[in-house]
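Descriptive structure summary
Below, each chain spelled out in residue letters.
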Amino acid sequence: MHDAETICKRALAELLFLLEHQRQPKVRERRDWSLLRSLIREGLAAGPRPDQLQEGPWQVGQRPLRRPGRNGLRFVPLVTRGKTEIMMPTPEEAEDLVAFLNWCGMPEFGGR
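As the structure is a computational prediction, the values presented were derived from the model and not from experiment.

1. Examining the side chain of Thr-84
- Residue placement: Thr-84 occurs in strand β3 (residues 84-87).
- Here Thr-84 falls in the buried class, since its relative accessible area comes to 0%.
- Within polar-contact distance, the side chain of Thr-84 engages the backbone nitrogen of Phe-109 at 2.9 Å.

See the structure below:
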């Protein structure tokens, strides 16, 4: 198990790659974010429960879709702070990422 600072620094690098891919995808394939997912799990296991970290600068959001998208959702789950938007596969994963980013005290990344 890693300490909180190490987990958050490694997650920051993965998040920057994920954001770059979402902002300017080079190909029509999804970025594998299993390392980020495992860092989130590790961080949340070390910190408070995710429901205790929903209030903070990072928030769960949604972008409506005209027709059902992945998993039959009528929206894209988002994690937002200021102008930063991170698209997530499910609402639950968005909630976990919000809790993790608030736990880490992660800054805004800018962009859209």
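2. Remarks on the pairing of strand β2 (residues 75-81)
- Counting buried positions along β2 yields 5 of 7 residues, so the element is predominantly enclosed.
- In the sheet, strand β1 (residues 59-64) pairs with β2 via 6 bridges, with the strands oriented antiparallel. Across the sheet, residue Gln-62 finds its bridge partner in β2, namely Pro-77.
- Here β2 pairs with β3 via 4 bridges, running antiparallel. Residue pairing across strands places Val-79 opposite Ile-86, the latter belonging to β3.
- Here β2 folds back onto β3, and the loop between the two strands holds 2 residues, one of which, Gly-82, carries a positive phi near 60°.

3. Section: the packing of helix α1 (residues 4-23) against helix α2 (residues 34-46)
- In contact at an axis separation of 9 Å, α1 and α2 are set at 145° when each is read in the N-to-C sense. Our pair here, α1 against α2, has a crossing hand that is left-handed. Between α1 and α2, the contacting residues are Ile-7, Arg-10, Ala-11, Glu-14, Leu-15 and Leu-18 on the first element and Leu-35, Leu-36, Leu-39, Glu-42 and Gly-43 on the second.
- Residue composition of the contact of α1 with α2, grouped by class: 7 nonpolar, 1 polar and 3 charged.

Rules of the game
Residues numbered from 1 in each chain as written. Predicted model: local features only at pLDDT ≥ 70, side-chain atom pairs only at ≥ 80, totals over all residues. Heavy atoms only, no water. Helix = DSSP H or I, 4+ residues; strand = E, 2+ residues; numbered from the N terminus. Buried < 20%, exposed > 50% of the residue type's maximum accessible area, 1.4 Å probe, protein only. Polar contact = N/O pair within 3.5 Å; in protein donor to acceptor, adjacent residues only side chain to side chain. Pairing = 2+ DSSP bridges. Axes fitted to C-alpha atoms, helices over the stretch in contact; angles between N-to-C directions. Left-handed = near helix turned anticlockwise from the far one by under 90°. Contact = heavy atoms within 4.5 Å. Nonpolar A, V, L, I, M, F, W, Y, C, P; charged D, E, K, R; others polar.

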